[in-house]
Structures are given as structure tokens and as C-alpha cells.
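So you can see what is in the structure, the chains are spelled out below.
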Amino acid sequence: MKKIIGIDIGGTKISLIVATVEGRILAKGGLLTRTGKTEARLCVNEMLRKLREMTAVARVRKRELLGIGVCIPGPVNTQTGVVPWSPNLRGWQGIPLRQIIKRHFSVPVFMDNDANAAGFGEKIFGAGKRIKDFVYITVSTGIGGGLVLGGKIHRGASFCGGEIGHITVVPDGNLCKCGKRGCLEAYASGTAIGKAARMELAKVKKSKLLELAPSIKRVTGENVTQAAFLGDRLSLEILRCAARYLGIGLATIMNLLNPGMIVLGGGVIKAGKHIWKPMMASVKKEAWPAAFKACRVIKTELGEHVGNLGAAALVLSKDIC
Ligand SMILES: [Zn+2]
């Protein structure tokens, strides 16, 4: 039986899976992402070592391995396979990752942006199997999107297609990591939610958040979700506000592309009804009724391994690239 490998390189951790071509996970592993020029190269070596261990554990014979897929944040040039600039991967820029991995495993290696890969994952293993036009959105540390149009990933003229996190929702608004102002990511990402909480706590000083984090400075977006489930009013309000902007983003996509489905994944979505209800109310308010009606909005069915399965799906995606 043919096997595939999926590598998901994120800002904090790298997760790895060995899977069958049907998407059944045979082995999984991970390591922390290290940044800085020397550390990044050491991290790549450690990752290759781990992969070798995993293929041994999963008893993958050389001729069974069909290929390896790698996904990373940022506008990846799928032709060169070199790591692009990314604010979360300091020191990694310019590493010829595809070439390095190919040298070690002697199989085809595919590289793409993490949200595009997740789009592939949904197309091949998930809810997008029978849908021609759909969009995958990850709402996590940052916000990214993968556009599947006419059954194919739309990358655009310079690999920036689907950068939904950088739609302007507030002209001259909050500063975004990308250097521009007012981006959706600066209002609705996990990072933005954590930042909003820290700013509000300096004024309010009464919230369950203070019991969940060691100090105001260390309150995170994840803490806001936890506190919301405990009924914390401030956290609920912060999530409502983020959800409103997220809804504007989704409505923009609906009006622009008229997709049949939007699939959401990422840590922020774990806030469940606290983000979903206000988000859908906002989408309904902002989107054209005909576009809204035609679009199913769902959570990813691929769970926490959506990134890995997406990366692994790149190997099977030749016909839909
Ligand atoms: Zn931005």
C-alpha cells in the first residue's frame, strides 16, 4: 500500500505524520520550531532524523513512499520550494527545504502555503470532495485562506492568492504583523484577541482572565476562550468583537467568490458558539442574501491534523494544482 508524509511547519511547532493515501494516520510526531539562522538549520536536521524514526516505526518500505508534502506559513513559491520570508519563521528564509528533503528521501517533495495545503486536504480527504468552489480559512495565531476554485487551488500571480487575513476591515486601523494597518488578522486572530484582552484588562481589572494567566502581560487568546466558557463577560465581549470582523471577512469572500462552502479551522474556532453565533450573525448582516444562502459554513472535519493531512494531500494533488 502506498504511503505519504505530511510536514506542517508552524511558528511554534512542527508536526509530522505518515499516512496512507486514504488519509489514515499510521504514525505521528513533532518537535518545537527553533528560530534564528543556525537554530533553523539544526531544526531541519532534527526534523529529518525524526522522520526517519517515524518511517521505521510505521514500517514504510522505500518503494511504498509516494512522496512528501510540506506546508509553511507565508507566500510559498511552489516551483522553487525555498522557505519564504515569514514573521513566524525567523532565520528560515532562503532554506532550500524541498531540495534538502528530496536528497534524504529520494521521493518527490511538494511545498505550499499552509492554508492552501489545508484546502487540498479538504478537497482530497474532507468536506470538499464533491464541491468545486470552496474556501478554507484558518483562524489561529494568524488568519490564512486557501481558495479552491473550479476544483483547483487559486494561487494568483505571485502566490499571494487567498491572503484573507489581510483584507482591510478598518481603514488606518490596528497595526498588523504584515506592516499594513486595519487587516482582518489585526482584529480577529488569536494574537489580536490576546492583545485586546491585555489592553482591556489594564482598564477593567476584574475578570476571570486574571485567574487563568500569571499576569496581565501573559494573557493569551487561548485564555480568552477558556474564560468565555467560564462565563467571563469581558472575554465574551472580546470574542463577540473579533467574531464581528471575522463575519465581515467571510461576507466579503461570499460576495466576491460566491463559494458553495467555507470551511473553518484553527485555534480560535475552538471558542465554539462564543465565536460562531456572533460571526454568523455578522455574515448574514453583511453578505448578499443569495450568496449567503448558497454557502455552507462549517468547521473542518479533519480535526487537529488538518495541516498535516493537507501537506500530505499535496502529494496527491498533481491533477488539481
Ligand atoms: Zn496584514
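All values reported here derive from a predicted model rather than from experimental measurement.

**What to know about the packing of helix α5 (residues 190-204) against helix α8 (residues 233-257)**
Viewed as axis vectors pointing N to C, α5 and α8 meet at an angle of 140 degrees, and their least axial separation amounts to 10 Å. Overall, the two elements α5 and α8 adopt an arrangement that is oblique. Classified by chirality, the crossing of α8 by α5 is right-handed. Listed contacts from α8 to Ile-193, Ala-196, Ala-197, Glu-200, Leu-201 and Val-204 of α5 are Leu-234, Ile-238, Leu-239 and Ala-242.

**Digging into the nonpolar core**
Grouped together as the largest cluster of nonpolar side chains are 46 residues, with contacts concentrated most on Ile-137, Ile-262, Leu-264 and Met-279. Looking at this core, the elements with two or more residues in it are β6 (134-139), β7 (143-149), α4 (185-188), α5, α7 (221-229), α8, β9 (261-265) and α9 (273-286). Top contributing element to this core by residue count: α8, with 11 residues. Setting aside residues no more than four positions away along its own chain, Ile-137 makes contact with Ile-143, Gly-144, Gly-145, Ile-164, Leu-250, Ile-253, Ile-262, Val-263, Leu-264 and Gly-265.

**Looking at the coordination of the zinc ion**
Surrounding the zinc ion are the protein donor atoms His-166 (ND1), Cys-176 (SG), Cys-178 (SG) and Cys-183 (SG), which sit 2.0 to 2.4 Å from the metal. Here the zinc ion is ringed by 4 donor atoms whose angles at the metal span 106 to 115 degrees, and the overall shape comes out tetrahedral. Overall, Cys-176 belongs to the buried group, its relative accessible area being 6%.

**Some details on the sheet that holds β6**
Overall, mixed pairing links the 5 strands, which are arranged β8-β7-β6-β9-β10 in an open sheet. The open sheet terminates on both sides in strands that have one partner only, identified here as β8 (152-153) and β10 (296-299). With 5 bridges connecting them, β6 and β9 associate as parallel partners. Of the residues in β9, the one forming a bridge with Tyr-136 is Val-263.

**Quick word on the packing of helix α1 (residues 37-57) against helix α2 (residues 97-105)**
Between α1 and α2, the least distance of the axes is 11 Å, while the angle of their chain directions is 35 degrees. Crossing angle aside, the handedness with which α1 passes α2 is right-handed. On α2, the residues that touch Val-44, Met-47, Leu-48, Leu-51 and Arg-52 of α1 are Leu-97, Ile-100, Ile-101, His-104 and Phe-105.

**Examining the side chain of Glu-64**
Within the secondary structure, Glu-64 is located in the loop between α1 and β4 (65-72). Relative accessible area serves as the criterion here: at 11%, Glu-64 is assigned to the buried category. Non-local contacts of Glu-64, meaning those with residues more than four positions away in its chain, are made with Met-1, Lys-2, Lys-3 and Arg-59.

Analysis parameters
- Residues numbered from 1 in each chain as written.
- Predicted model: local features only at pLDDT ≥ 70, side-chain atom pairs only at ≥ 80, totals over all residues.
- Heavy atoms only, no water.
- Axes fitted to C-alpha atoms, helices over the stretch in contact; angles between N-to-C directions.
- Helix = DSSP H or I, 4+ residues; strand = E, 2+ residues; numbered from the N terminus.
- Parallel < 35°, antiparallel > 145°, perpendicular 65-115°, else oblique.
- Left-handed = near helix turned anticlockwise from the far one by under 90°.
- Contact = heavy atoms within 4.5 Å.
- Core = buried A, V, L, I, M, F, W, Y, C linked by side-chain atoms within 4.5 Å.
- Buried < 20%, exposed > 50% of the residue type's maximum accessible area, 1.4 Å probe, protein only.
- Donors = N, O, S within 2.8 Å, 3.2 Å for Na, K, Ca; no water.
- Tetrahedral: all angles 85-135°; square planar, octahedral: opposite > 155°, others 65-115°.
- Pairing = 2+ DSSP bridges.

Spatial relationships are all this shows, so hold off on functional conclusions.
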